[in-house]
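Next come the chains, spelled out residue by residue.
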Amino acid sequence: MAHDEPKATGPTKLLIRNIGLILSGALEKPILEADTIVAVNGKITGIGRARDLDTEGATTIIDANGTTVAPGLIDSHVHPVAGDWTPRQNQIGWIDSFLHGGVTTMISAGEVHMPGRPRDVVGLKAMAIFAQRAFWTLRPGGVKVHAGAPVIECEMVEDDFREMAAAGVKLLGEVGLGGVKDGPTARKMVAWARKYGIQSTIHTGGPSIPGSGLIDKDVVLEADTDVIGHINGGHTALPDDQIRCICEGCKRGLELVHNGNERAALYTLRIAREMGELGRVILGTDAPAGSGVQPLGILRMVSMLSSLGEVPAEIAFCFATGNTARMRALDCGLIEVGRSADFVIMDKAQHSAGENILDSVRLGDLPGVGMTIIDGIVRTQRSRNTPPATKLPEIVGR
């Protein structure tokens, strides 16, 4: 089990060459015309043809062998607790398993499964600051876990949000999982959070854990959080007319999760496409949950939305990368100069009916992950969780 991230011992220069396909993560140009990526000290410095880039002096050289390089996948909705352990399923190593599914960044929607989670204001603030600090220091396998997401309670005042922001808290847990379940109170506290640079997410749909309750369209629209958490339910979705009302009644992020209603996810996607607003669609798993831990949950969502939602695979990958990065103000998720060198290298699964990786995803297959890279450092090679890839990248120089 990988507890700590691999460390670089000095200046690094990563060269990935012989790339067959580069997925940018950006909806406006999802495929890049390039075969080489260079990164120095964990940041992308060059994308293009090998002959046009400075490839000398690389400390790590990867031959992609014609495979596909995409930004590391981002899970926009997880519930971490302590390190790489989840009490919800009493499982150790779940974050490392997600890394083997191509996920290099996770966003906490609240550390709600903490045994004995405090509900009083002093306790919930202390827990949020602790979680933010802990996951800033500890990166299981190298995965970037943005944690410290307090579940708000009715007794909170504006100074509580100012204090948390000053301590480094940047996220709210799902509004509605605590005592705040009405629109006016939620809107007031979300506004306080936004004032101090804290991003908010709301629980949507039926109750999921003890203490949660139904959050319908009226509460969602009045609260005006930055992200409509699991609009397809976690697990129980709202009726179609309410989902449409939310999509049309605001311009906030539409989060689709693996542990939700799949039909409602496809319905939401169809509305977003009709509105010409696919940039609002982001993906999460809502794991760990009652249905377990899903290391391949983001890849499965990409495959489902492409194959059943009739979205090109290169666009579906944007939902799990660039869309989330832009909405969450992250420096990863897009393959462009200056961004973090976080990548997943993939190919179509062996014996897939698809002609290539994009065709195989469009047909509903999962790709095989051959390597993950975070901050320009190789974290995993052949995935222990995905089907075996047709071709694999290899490290040819260090």
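Shown above is the structure to which this text applies.
Cut-offs applied
Residues numbered from 1 in each chain as written. Predicted model: local features only at pLDDT ≥ 70, side-chain atom pairs only at ≥ 80, totals over all residues. Heavy atoms only, no water. Helix = DSSP H or I, 4+ residues; strand = E, 2+ residues; numbered from the N terminus. Buried < 20%, exposed > 50% of the residue type's maximum accessible area, 1.4 Å probe, protein only. Contact = heavy atoms within 4.5 Å. Pairing = 2+ DSSP bridges. Arc of directions from axis to C-beta. Axes fitted to C-alpha atoms, helices over the stretch in contact; angles between N-to-C directions.

By secondary structure assignment, the location of Phe135 is in helix H2 (residues 121-137). A residue is classified by how much of its surface remains accessible, and Phe135, at 3% relative accessible area, is buried. As a C-alpha pair, Phe135 and Ile37 span 98 residues in sequence and 29 Å in three-dimensional space. What Phe135 contacts, discounting residues up to four positions off in sequence, is Pro80, Val81, Ala82, Gly83, Ile95, Val145 and Ala147.

What follows deals with the sheet that holds strand S7 (residues 68-71). Taken together, the 6 strands give an open sheet; going across it, the order is S3-S2-S7-S17-S18-S19, and neighbouring strands pair in mixed fashion. Of all strands in the sheet, those with a lone pairing partner are strand S3 (31-32) and strand S19 (377-380), marking the two edges. Sheet topology places strand S18 (residues 368-374) next to S19; 3 bridges connect them, and they run antiparallel. Looking at the pairing, Ile373 lines up with Val378 of S19.

With that settled, consider helix H6 (residues 240-249). What H6 keeps buried is the set Gln242, Ile243, Ile246 and Cys247. One side of H6 holds all its buried residues, which, seen down the axis, span an arc of 140°. Those residues of H6 that are exposed and aimed more than 90 degrees away from the buried face are Asp241 and Gly249. In this structure, the buried side of H6 is in contact with helix H5 (217-223), strand S14 (227-228), strand S15 (253-257) and helix H7 (262-274).

The linkage connecting Gly234 with the following residue, His235, adopts the cis geometry, with an omega of 10°. Of note, His235 is situated in the loop between S14 and H6. Cis geometry is adopted by the peptide bond preceding Pro288, which originates at Ala287 and carries an omega value of -10°. By secondary structure assignment, the location of Pro288 is in the loop between strand S16 (281-284) and helix H8 (297-307).

Among the residues making up helix H3 (residues 158-166), those that are buried are Asp160, Phe161 and Met164. Projected down its long axis, H3 shows its buried positions confined to an angular sector of 95°, all on one face. Lining the buried residues of H3 we find H2 and helix H4 (183-195).

With that settled, consider the sheet that holds strand S6 (residues 60-63). One open sheet accounts for 5 strands, arranged S5-S4-S1-S6-S20; its pairing is mixed. The sheet is open, and its two edges are formed by strand S5 (43-48) and strand S20 (394-397), each paired on a single side. Strand-to-strand twist of the sheet, defined as the mean angle between neighbouring strand axes without regard to direction, takes the value 20°. In the sheet, strand S1 (residues 13-17) pairs with strand S4 (residues 36-40) via 4 bridges, with the strands oriented antiparallel. In the strand pairing of S4, Leu15 is matched with Val38.

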